[in-house]
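Structural overview for review
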Amino acid sequence: ERMVAAMNFGNLVAVLAVAAAVPLILAAVPRVRVPGPVLEIVAGIVLGPAVLDLVQPDQAVRLVSTIGLAFLLFLAGLEIDVRHFRGPRARLAGLALGLSALLALIVGIVLYAAGVVESPLLVAIILMATSLGLIIPILEDAGVADRPVGQFAIAGASLGELTPVVLLSLFFSGRMTAITSKLLLLTLLGVLIVLVVIGTLRIERSMWITRMIDKLADTSAQIRIRLSLLLVVGLGALATHLGFEAILGAFIAGAILGLVDPDAEHKHPLFHPKLDAVGYGFLVPVFFVTSGLTFNLSVLFSSASTVLRVPLFLLALLVVRGLPAVLYRPALASIRDVTAVGLLQATSLPFIVAATTIGLQVHAIGPANAAALVAAGLFSVILFPVISLQLLRSSAKGPDMVPEQAHAPLADMPADQRARGGHTTQRRGQSAS
């Protein structure tokens, strides 16, 4: 038993070694513009059973990976800023998302009719997703995060992060029940979440509790971190108990935390870096490396038709999420800006990995399509941001002459918060209404 435990621990050590090596490699070779998660997944593929067979995704590795997925969705929810869901920009972003949903359904049905995919609805949901955390640094690097082009990209990506998580949990949770029952349970979950928000806000108004939390926040008690973890696990367990995926509860936990404490960056400057340390320093990299370990490389190259699905799905991402950016044209300065926003909206990876994992569990997708979709996601985060960054940098040289957008809220995030060990985050509390 001790030998088995040592072997299991050895696999986890190897995964953590990869997680530590990736940011060092990226820092040593700055010209290689590859996002950290991509390199972690590729390293997992090479070291895992698919190629060298040096590291196994054993029980210990999978357990930490599962927690890492939940924490990744928690941090994604924390990036959501409700101020991007109101005003003229939000309405345009909502229309673009509606067009994306329509295009996603059409593409899903066409692929299903052609015998390419097993579930048109699952593929449609996957194609609607955007990785908000991956595009924020691009906007910061180009210096356009506080301009209309950057704000439309953030608003569109926020909707593209939130909506697919809800839809995936609604239609493809482990417990397949009638959609009417699911809607009722989702409503119940919403009511419980409102009660949690109200209770949290009332607790924050208590001076005694606030002083106590502030006193314990930066001691060995780390009370804010412990309460955050309780919120993640608690809402994840609640979502699972109601028949949804735990990732929905984790995502909502992040959104709640950001909603009830929007100025945490100013009030508690160490809080978000600590969350980043837990997530991007430990849990999230394990999830990405494990995704590579479990990646079915052999089925991806089992036939020419399977390989051809990778560019097909990549094109589908571009059509579903990129094309609707044309609706932003009246509010943006140039076609160049519209193209850049479209490419950023089509950038997606973490949700694809999570959704295909769940799809495999509920038999809504085959291994070949799961591998091809993840591969398409890998290419999207490698290709699309590079192209959009060049477009946005040239856009930043001149002001966006769009007077009607001057009153919009800003998202002026500091550059030193853009990367955490090869991963990226957006931090709230820097925007002004």
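Here is what the cut-offs are and how they apply
Residues numbered from 1 in each chain as written. Predicted model: local features only at pLDDT ≥ 70, side-chain atom pairs only at ≥ 80, totals over all residues. Heavy atoms only, no water. Helix = DSSP H or I, 4+ residues; strand = E, 2+ residues; numbered from the N terminus. Buried < 20%, exposed > 50% of the residue type's maximum accessible area, 1.4 Å probe, protein only. Contact = heavy atoms within 4.5 Å. Areas by Shrake-Rupley, 256 points an atom, 1.4 Å probe, with all protein chains shown as cover. Patch = residues over 30% accessible without salt bridge, like charges linked within 9 Å, V, L, I, M, F, W, Y side chains within 5 Å. Salt bridge = Lys/Arg side-chain N within 4 Å of Asp/Glu carboxyl O. 1 Å grid on protein atoms, 1.4 Å probe; cavity = no way out; pocket = protein on both sides within 12 Å on 5 of 7 lines; lining within 4 Å. Points joined across faces, edges and corners; volume = space filled by probe spheres on them. Nonpolar A, V, L, I, M, F, W, Y, C, P; charged D, E, K, R; others polar. Axes fitted to C-alpha atoms, helices over the stretch in contact; angles between N-to-C directions. Parallel < 35°, antiparallel > 145°, perpendicular 65-115°, else oblique. Left-handed = near helix turned anticlockwise from the far one by under 90°. Phe/Tyr/Trp six-rings, centres within 6.5 Å; stacked < 30°, edge-to-face > 60°. Lys NZ or Arg CZ within 6 Å of the ring centre and 35° of its normal.

1. Details of the overall build of the chain
When helices and strands are tallied, the chain shows 18 helices and zero strands. Looking at the chain residue by residue over its 433 residues, the buried ones come to 52%. Taking the contacts inside the chain whose residues are at least 6 apart along the sequence as the reference set, 80% of them involve residues at least 24 apart. For the chain, the exposed surface amounts to about 18600 Å²; the carbon and sulfur share of it is 70%.

2. Some points on a nonpolar patch on the surface
Judged by side-chain polarity, Val42, Val46, Val51, Leu52 and Leu54 come together as a nonpolar surface patch covering roughly 410 Å² of accessible area. Summarising the element assignment, leucine 52 is placed in the loop between helix H2 (36–47) and helix H3 (59–79).

3. Considerations on the layout of surface pockets
Here the largest pocket defines a volume of roughly 880 Å³. Taken together, 34 residues make up the lining of the largest pocket; nearest its centre are Thr66, Leu69, Phe287, Thr357 and Gln361. At the level of secondary structure, the elements contributing two or more residues to the lining of the largest pocket comprise H3, helix H10 (223–241), helix H11 (246–260), helix H13 (271–293), helix H17 (350–361) and helix H18 (367–396). When grouped by side-chain class, the residues that make up the lining of the largest pocket number 22 nonpolar, 10 polar and two charged.

4. Observations concerning the pattern of salt bridges
This model, assessed by the stated rule, comprises two salt bridges. The salt bridge partner of aspartate 214 is arginine 224, with a shortest N-O separation of 2.7 Å. Residue aspartate 214 is located in helix H9 (residues 207–217), and its partner arginine 224 is located in helix H10; the two are separated by 10 residues in the primary sequence. Aspartate 218 serves as the salt-bridge partner of lysine 274, at 2.5 Å between the closest nitrogen and oxygen. Highlighted residues: lysine 274 in helix H13 and aspartate 218 in the loop between H9 and H10, separated in sequence by 56 residues.

5. Some remarks on unusual backbone geometry
If you check the backbone angles, aspartate 53 has positive phi at about 60° while not being a glycine. Inspection of the secondary structure puts aspartate 53 in the loop between H2 and H3. Not every positive phi belongs to a glycine, and glutamine 222 is a case in point at roughly 45°.

6. Considerations on the packing of helix H7 (residues 148–171) against H11
Orientation of H7 relative to H11, taken along the N-to-C sense of each, is 150°, at an axis distance of 9 Å. Taken together, the axes of H7 and H11 lie roughly antiparallel to each other. H11 is crossed by H7, and the crossing has left-handed handedness. On H11, the residues touching Glu161, Leu162, Val165, Val166, Leu168 and Ser169 of H7 are Ile247, Leu248 and Phe251.

7. As for the packing of aromatic side chains
Counted by the stated rule, this structure contains three aromatic pairs. Relative to phenylalanine 288, the ring of phenylalanine 287 lies with its centre 5.3 Å away and its plane at 55°, an arrangement referred to as tilted. Assigned by exposure class, phenylalanine 287 and phenylalanine 288 land together as buried. Stacked on the ring of phenylalanine 152, the Lys or Arg arginine 89 has its end atom at 5.6 Å from the ring centre.

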